[in-house]
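# Structural description and commentary
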Amino acid sequence: MPSPDRESPGGASADPVDPRSSPTSAPTNDPERVPGVGDRLRRLVPDASRQVLAVYGDGEDSPDCTIVLYEKGDDDAWSEIGQWRGHNGRRGWTVDHHEDDLRTPVGVFTLSDAGGVLDDPDTRLPYDQGESYRVPEGWGEAHRHDFDYVIAIDYNRLRGTPPNDPTRPLGMEKGGGIWLHVDHGDGTSACVSLPESGMEYLLRTLDPDWYPVVVMGDRETLRA
């Protein structure tokens, strides 16, 4: 059983972006900008990306968030195609994440690998299914389905490996195992969680050919 920043989970890229809302609180009404995301983070979204999952944290120290999936059309305008309420780290957000700080890292990260206890729900992402994702019984009934589906957030991890690969290119002290996973109704150790229906939708919708990324942080930091 891997031991990411979870309830233990959470997972991320070897090159995390460290910058420092409702979706309608954008700095401009320009349809070619992801709502609520300011210039600093917007510049970090790859030009080739046509899918952005924006995680708008309610506050710097809040575990609550709104998760919105946007797609870029042929006219370069971003359109919302899905929205859910969910949770992030129990203590909120940080631009300097460390293992066990109970905060979710702010930044722009690719989404490249998925997995879980349940069978592949027909995702385009590489999918690693197995009992290794089942949570320990000691976590309690509320967490039993946390990792039925997971998508690795590429913070301090090797892209192209299963979400539970323990490699931490930046070192163990920088944490890792930051995942999107099924919500259990409360804050996480560092992951972002959303309803199972939302996870199924993301798994079936995210397309590696569209270079999906997550842009995440508390609303004020995202707007900066």
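Residues numbered from 1 in each chain as written. Predicted model: local features only at pLDDT ≥ 70, side-chain atom pairs only at ≥ 80, totals over all residues. Heavy atoms only, no water.

## As for the nonpolar core
- Formed by 29 residues in total, the largest nonpolar core has its most connected members in Ile-151, Ile-153, Leu-180 and Leu-202.
- Of all elements in the fold, only strand 2 (51–57), strand 3 (64–72), strand 7 (107–116), strand 9 (150–153), strand 11 (179–182), strand 12 (192–194), helix 2 (196–205) and strand 13 (213–218) reach the threshold of two or more residues within this core.
- With near-sequence residues (within four places) excluded, Ile-151 lies in contact with Leu-111, Asp-113, Ala-114, Leu-125, Trp-179, Leu-180, Met-199, Leu-202, Leu-203 and Leu-206.
- In this structure, Val-37, Leu-41, Val-52 and Val-215 belong to the second largest nonpolar core, which totals 14 residues. (Core = buried A, V, L, I, M, F, W, Y, C linked by side-chain atoms within 4.5 Å. Buried < 20%, exposed > 50% of the residue type's maximum accessible area, 1.4 Å probe, protein only. Helix = DSSP H or I, 4+ residues; strand = E, 2+ residues; numbered from the N terminus. Contact = heavy atoms within 4.5 Å.)

## Comments concerning the pairing of strand 11
- Direction of pairing for strand 9 relative to strand 11: antiparallel, over a ladder of three bridges. Along strand 11, the bridge assignment pairs Ile-151 with Leu-180.
- Examined bridge by bridge, strand 11 and strand 12 share three bridges and lie parallel to one another. Paired with Leu-180 across the two strands is Val-192, which belongs to strand 12. (Pairing = 2+ DSSP bridges.)

## What to know about the packing of aromatic side chains
- Tallying each qualifying case throughout the model produces five aromatic pairs.
- Taking the centre distance of 5.1 Å and the plane angle of 80° together, the rings of Phe-147 and Trp-179 count as edge-to-face. Here Phe-147 is found in the loop between strand 8 (127–129) and strand 9, whereas its partner Trp-179 is found in strand 11, with 32 residues between them in sequence. An identical accessibility class is assigned to Phe-147 and Trp-179; each is buried.
- Members of the aromatic cluster, joined through ring pairs, are Tyr-133, Trp-139, Phe-147 and Trp-179.
- When the ring centre of Trp-210 is taken as origin, the NZ or CZ atom of Arg-50, which lies over that ring, is 5.8 Å away. (Phe/Tyr/Trp six-rings, centres within 6.5 Å; stacked < 30°, edge-to-face > 60°. Lys NZ or Arg CZ within 6 Å of the ring centre and 35° of its normal.)

## Topic: unusual backbone geometry
- Phi angles above zero are rare outside glycine, and Asp-122 is one such case at about 75°.
- Here Asp-122 shows up in the loop between strand 7 and strand 8.
- At Tyr-211, a position not held by glycine, the phi torsion is positive, near 50°.
- Within the secondary structure, Tyr-211 sits in the loop between helix 2 and strand 13.

## Notes on the pattern of salt bridges
- Under the counting rule described, the total for this entry stands at 13 salt bridges.
- Linking Asp-39 and Arg-33 is a salt bridge whose minimum nitrogen-to-oxygen distance equals 2.7 Å.
- The class for Asp-39 is partly exposed, based on a relative accessible area of 32%.
- Owing to a relative accessible area of 16%, Arg-33 belongs among the buried residues under this scheme.
- The network of salt bridges with common partners includes Asp-113, Asp-154, Arg-157 and Arg-159. (Salt bridge = Lys/Arg side-chain N within 4 Å of Asp/Glu carboxyl O.)

The analysis is restricted to geometry; functional conclusions fall outside its scope.
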